[in-house]
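Below, each chain spelled out in residue letters.
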Amino acid sequence: MAEPDLRLEKLVGVLRRRGVILPAFEIHGGVAGLYDFGPVGGRLRNRVNQVWLEHWLKLGNVVELSCPTITPYPVLSASGHVGEFSDFLTTCGQCQVSLRADSLLQESHSNPDSLTAVELESEIAARNPQCPDCGATEWTSVTSQSLMFNTIIGGGKSGREGFLRPETAQGMFTNFPSLYRHFRQRLPFGAVQVGKGYRNEISPRQGMIRLREFNMAELEYFIDPEVEPMHDFSQWENLPLNLISNRDDELSQSIPDALSAGVIRHATVAYFMAQTYDFLVAVGIDANRLRFRQHKESEMAHYASDCWDVEILGSYGWVECVGIAHRGCFDLEAHELATGHRLRAWRQWPQAVEVDKEILTIDGAKAGPAFRDRAGLVKDALEALEQIPTEFPLELTLSSGEVVTVESEHVKRQRIQQTVNGEWFLPHVVEPAFGIDRIIWHIIDHAWCEIEKEGQDYSVMRLAPDIAPIDVAVLPLFEKDGMGKMAEGLNRTICSTKGLFSYYDGSGSIGRRYARADEVGVPWCVTIDHQSLKDGTATIRQRDGQQQIRHPLDEISELISGGMVGKLFS
RNA sequence: GCGGAUAUAGUGAAGUGGUUAUCACCUGAGGUUUCCAACCUCAUAUCGUGGGUUCAACUCCCGCUAUCCGCACCA
């Protein structure tokens, strides 16, 4: 490859100059990790989002949600983000290595994870732990490295702590009851959301690759773990893909083959991998620069049973752009535990079961005064006991973690006789999560090429017509004799056609204007010339291949919006 | 967050302690031109930002911000 760094520099220059992607707030000095999609990029982003949405909605049992980005503290505490996303760091005064402050106290403190920044700092000062790298005992002050943006919801004393969401998923989990009702209590179903996520990265790098505010698109697909998933893989049977298993085996195998070989562990994960492949190729990712990499046991969250990343090769090497994870019931269970709201689906058994058993429950008159506000928890814990205990007093662990002493006078036996028709269970979730900015970056990276044209470097963005931000450039050969007027009229017609967008360009030579259009990936140029004035036809030029055909003006917008124009060139 | 380098027009670069800061491409206006970056004329910058040194700072010094490269962090 010839000077990849130079290519990257040139590409970044093109994107800035033409208003595709540029640093945000640049006139104020800019902010690391924040980028604008400019006059051309804005519509590009929108179209990629749109194609993504349509791709998943066509599954037929998927709906779109839109949830707030401002998220109250308890939601992200329940989901585990508060713990996961904030670390306390300190730096060695000698060798400058940065470490998690709690890891320094692992030896000397029973639970360093629970300490606040101030406590960590005084503990470190008191115990003088050695730097594992250089052995020094000087440490800088402890700083919090929360990766979430904090905010206060509301003002004054009533203000509640909150965050800007680090992912869109939580809103879809908290909406489970509404989704369940919408789908008339029948699994499987899914919810998608396209929107912004925020992570206060310590050092954003590599342009669009690591951002502080980013566009993401996620699908949460809820399934019954006891029902064998039914997916039609016929479309992908003879399509070998690049797979790297968690044992680092590099395979070239079709998705259904990898599934039956047990490399991919779950059919729904496999199905979404195949769908993801189709989406990425449809928006212009080069299939040869795309691979699936399975997470190793060690890098997978404990609750996940299988997880695959899609990595795309571009100017920054292989970059993770999509994660497809089987999350088990982790998320719904976490929110259920935190809120007490049932986030379950009903499974009807084929045969009703008659239950006739004895359980232990509280004797309200005695246990009520004894346990007061915990009486309900005591009741739940007692009724959940598999075996009826015979010895009292009994040490009973409540769901809150608290242990209480139960005397025999607090309890009574109760006979249960009922018919049970089914059970409530926690659905499992398979989640494909897409980093839209990273995907857009790679679409551009793969689409942009410099070719030699008459001895000059010539820059072309070979964007797929479905996502090209500008569908048509309307060009009068000259801006005189009414050609300019005619072209302006056509431009308005195209812009008012649903789904189409065009621009008018009358300045410079015709070749220069074709070049300008090619550089931002306009697939079609329509040129009005002298003949157009006479017979109402114009030439349509194809970006890739640079061929031209002549066609009646009044059919052009229909031809392009119907996606039929490409056929004229074959 | 640490260390190093860098910051001049839309893009890419040159240059200087002292009147109007160069160059190429791009962009705009006018001319010319019957389809692929042609040509001619003209136009477009308070030299990242705040402070200091100086009679005078784009130029020297310091802080900040951003970018790039290592390290660390993150996925």
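In this report, we go over the structure that sits alongside the text. Computed from a prediction, not measured in an experiment: that's the story for all the values here.

This part takes up the protein's contact with RNA strand B. Looking at RNA strand B, there are 40 residues lining it, with E320, R512, Y514, R516 and R541 nearest. Between RNA strand B and E320, the relevant distance is 2.6 Å, taken from a sugar or linking oxygen to a side-chain nitrogen or oxygen of the residue. The element that contributes the greatest number of residues to the surface near RNA strand B is helix 16 (residues 510-519), accounting for 6 residues.

Attention now moves to helix 10 (residues 267-282). Under the 1.5 Å per step criterion, the end-to-end length of helix 10 is 23 Å for 16 residues, consistent within 8% with the ideal 22 Å. Counting buried residues along helix 10, 13 of its 16 residues qualify, which places the element largely inside the surrounding structure. Looking at the residues trailing helix 10, positive phi occurs at G284, about 110°.

The full count for this structure, using the stated rule, is 0 disulfides. The thiol sulfur of C329 is not disulfide-bonded, and the nearest other cysteine sulfur, from C307, lies at 16 Å. Free cysteine: C525, not disulfide-bonded; nearest cysteine sulfur from C495 at 14 Å.

Spatially, the 5 strands line up as an open sheet ordered 25-24-26-27-28, and their pairing is mixed. What marks the edges here is a single partner per strand, and that holds for strand 25 (502-504) and strand 28 (548-552). Averaged over all pairs of adjacent strands, the angle between strand axes in this sheet comes to 25°, irrespective of strand direction. Pairing between strand 27 (residues 537-542) and strand 28: 5 bridges, direction antiparallel. By the bridge assignment, I540 is partnered in strand 28 with I549. Against the sheet, helix 15 (residues 483-495) contacts strand 24 (472-476), strand 25 and strand 26 (524-528), and its axis sits at roughly 165° relative to strand 24. Along the sheet, helix 16 makes contact with strand 24, strand 25, strand 26, strand 27 and strand 28, crossing strand 24 at roughly 170°.

Evaluation of the coordinates by the stated rule reveals 21 aromatic pairs. Three or more aromatic residues joined by ring pairs make a cluster, and in this case those are W52, W56, Y221, F233, W236, Y271, F272, F279 and F434. When the ring centre of F425 is taken as origin, the NZ or CZ atom of R347, which lies over that ring, is 3.9 Å away. The ring of Y458 has K453 lying over it, and the distance from NZ or CZ to the ring centre is 4.2 Å.

This next bit is on the packing of helix 2 (residues 41-57) against helix 14 (residues 436-447). Orientation of helix 2 relative to helix 14, taken along the N-to-C sense of each, is 110°, at an axis distance of 11 Å. Relative to helix 14, helix 2 is oriented roughly perpendicular. Pair helix 2 / helix 14 crosses with right-handed handedness. Taking contact as the criterion, the partners of L44, R45, V48 and N49 in helix 2 are, on helix 14, I436, I440, I443 and I444. Here the contact of helix 2 with helix 14 is composed, by residue class, of 6 nonpolar, 1 polar and 1 charged.

Turning to the side chain of N491, a few remarks are in order. Of note, N491 is situated in helix 15. If sequence neighbours within four positions are ignored, N491 has contacts with V474, S502, Y503 and Y504.

This part covers the pattern of salt bridges. Evaluated as defined, the whole model comprises 26 salt bridges. With a closest N to O distance of 3.4 Å, D471 and R43 form a salt bridge. Within this pair, whereas D471 is found in the loop between strand 23 (456-461) and strand 24, its partner R43 is found in helix 2, the two being separated by 428 residues in sequence. Two residues, E311 and R293, come together in a salt bridge whose shortest N-O distance is 2.9 Å. In this pair, E311 is assigned in strand 15 (residues 306-314) and R293 in strand 14 (residues 290-294), connecting sequence segments 18 residues apart. The pair E311 / R293 is uniform in exposure class, with both members buried. Several salt bridges converge on common partners, so that one network encompasses D224, E226, R347 and E423.

A separate point is the sheet that holds strand 14. With respect to topology, 9 strands assemble into an open sheet ordered 3-10-11-21-16-15-14-12-13, the strand pairing being mixed. Looking along the sheet, the strands with just one partner apiece sit at the ends: strand 3 (62-64) and strand 13 (250-253). The sheet shows a mean angle of 25° between the axes of neighbouring strands, taken without regard to direction. With 2 bridges connecting them, strand 12 (residues 241-244) and strand 14 associate as parallel partners. The residue of strand 14 that forms the bridge with I244 is R293. The sheet contacts of helix 2 involve strand 3, strand 10 (189-198), strand 11 (213-223) and strand 21 (428-435), and relative to strand 10 the element is tilted by about 160°. With respect to the sheet, helix 10 is in contact with strand 11, strand 12, strand 14, strand 15, strand 16 (317-328) and strand 21, its orientation differing from that of strand 16 by roughly 145°.

Scoring rules and cut-offs
Residues numbered from 1 in each chain as written. Chains lettered and ligands numbered in written order. Predicted model: local features only at pLDDT ≥ 70, side-chain atom pairs only at ≥ 80, totals over all residues. Heavy atoms only, no water. Near = heavy atom within 4 Å. Polar contact = N/O pair within 3.5 Å; in protein donor to acceptor, adjacent residues only side chain to side chain. Helix = DSSP H or I, 4+ residues; strand = E, 2+ residues; numbered from the N terminus. Expected span 1.5 Å × (residues − 1). Buried < 20%, exposed > 50% of the residue type's maximum accessible area, 1.4 Å probe, protein only. Disulfide = S-S within 2.5 Å. Pairing = 2+ DSSP bridges. Axes fitted to C-alpha atoms, helices over the stretch in contact; angles between N-to-C directions. Contact = heavy atoms within 4.5 Å. Phe/Tyr/Trp six-rings, centres within 6.5 Å; stacked < 30°, edge-to-face > 60°. Lys NZ or Arg CZ within 6 Å of the ring centre and 35° of its normal. Parallel < 35°, antiparallel > 145°, perpendicular 65-115°, else oblique. Left-handed = near helix turned anticlockwise from the far one by under 90°. Nonpolar A, V, L, I, M, F, W, Y, C, P; charged D, E, K, R; others polar. Salt bridge = Lys/Arg side-chain N within 4 Å of Asp/Glu carboxyl O.

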